Amino acid sequence: SMPAVPRSEVLSLYKQLLRCSQKFNLYNFRVYAREKVRHEFRRNKEVSDPAQVRSLLDEARRGLELLRRQTAINQMFSTQRLVIEQGLKQF
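Residues numbered from 1 in each chain as written. Predicted model: local features only at pLDDT ≥ 70, side-chain atom pairs only at ≥ 80, totals over all residues. Heavy atoms only, no water.

Moving on to the overall build of the protein. Secondary structure summary: the protein contains three helices and zero strands in total. Ordering the α and β elements of the protein from the N terminus gives α-α-α. With 91 residues in all, the protein has 23% of them scored as buried. Contacts in the protein between residues at least 24 apart in sequence constitute 78% of all its contacts with a sequence separation of at least 6. (Helix = DSSP H or I, 4+ residues; strand = E, 2+ residues; numbered from the N terminus. Buried < 20%, exposed > 50% of the residue type's maximum accessible area, 1.4 Å probe, protein only. Contact = heavy atoms within 4.5 Å.)

Moving on: the environment of Ala4. Within the secondary structure, Ala4 sits in the segment before helix H1 (7–21). The exposure class assigned to Ala4 is exposed, which follows from its relative accessible area of 61%. Taking C-alpha positions, Ala4 is 5.2 Å from Pro50, a pair spaced 46 residues apart along the chain. Setting aside anything within four residues of it in sequence, one finds Ala4 in contact with Pro50 and Arg54.

Another point: the environment of Ser48. Within the secondary structure layout, Ser48 lies in the loop between helix H2 (27–43) and helix H3 (50–76). On the basis of relative accessible area, Ser48 is assigned to the exposed category, the value being 65%. Spatially, the C-alpha atom of Ser48 lies 8.2 Å from that of Ala4, the residues being 44 residues apart in sequence.

The next thing to look at is the layout of surface pockets. Estimated volume of the largest pocket: approximately 990 Å³. Contributing to the lining of the largest pocket are 30 residues, with Leu17, Val37, Glu40, Phe41 and Ala60 lying nearest its centre. Those elements that provide at least two residues to the lining of the largest pocket are H1, H2 and H3. Among the elements that line the lining of the largest pocket, the one with the most residues is H3, at ten residues. (1 Å grid on protein atoms, 1.4 Å probe; cavity = no way out; pocket = protein on both sides within 12 Å on 5 of 7 lines; lining within 4 Å. Points joined across faces, edges and corners; volume = space filled by probe spheres on them.)

Next up on the list: the pattern of salt bridges. In the structure shown here, the tally under the stated rule is eight salt bridges. A salt bridge links Arg43 to Glu40; the nearest nitrogen and oxygen atoms lie 2.6 Å apart. With Arg43 and Glu40 both in helix H2 and three residues apart, this pair spans about one turn of that helix. Connected through salt bridges with shared partners, the residues Glu9, Arg54, Asp58 and Arg61 form a single ionic network. (Salt bridge = Lys/Arg side-chain N within 4 Å of Asp/Glu carboxyl O.)

The pLDDT averaged across the protein works out to 88; a share of 85% of its residues lies at or above 70. Within the protein, the element-level pLDDT minimum falls on H3, averaging 93, and the maximum on H1, averaging 96. (pLDDT = per-residue confidence, 0-100.)

The following block contains the structure:
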């Protein structure tokens, strides 16, 4: 049987995805990306089969690469922050 995936590996990927999701210039994109990451990890938190966990992590890594490309493209077309965002320190 496959060894269990270290919790630190899962948390590291989760944090990387959340950090990357916050690089979008547009507030709506940031919120959507952050909530999508949270939802996917929450939805799969009960999965305990190591093979299935590895498969989900591979999928999440592919998602991270896609997110990195999307945020890089988004930053090339930088926009002014929306008025609503000016006071939002957590974003």
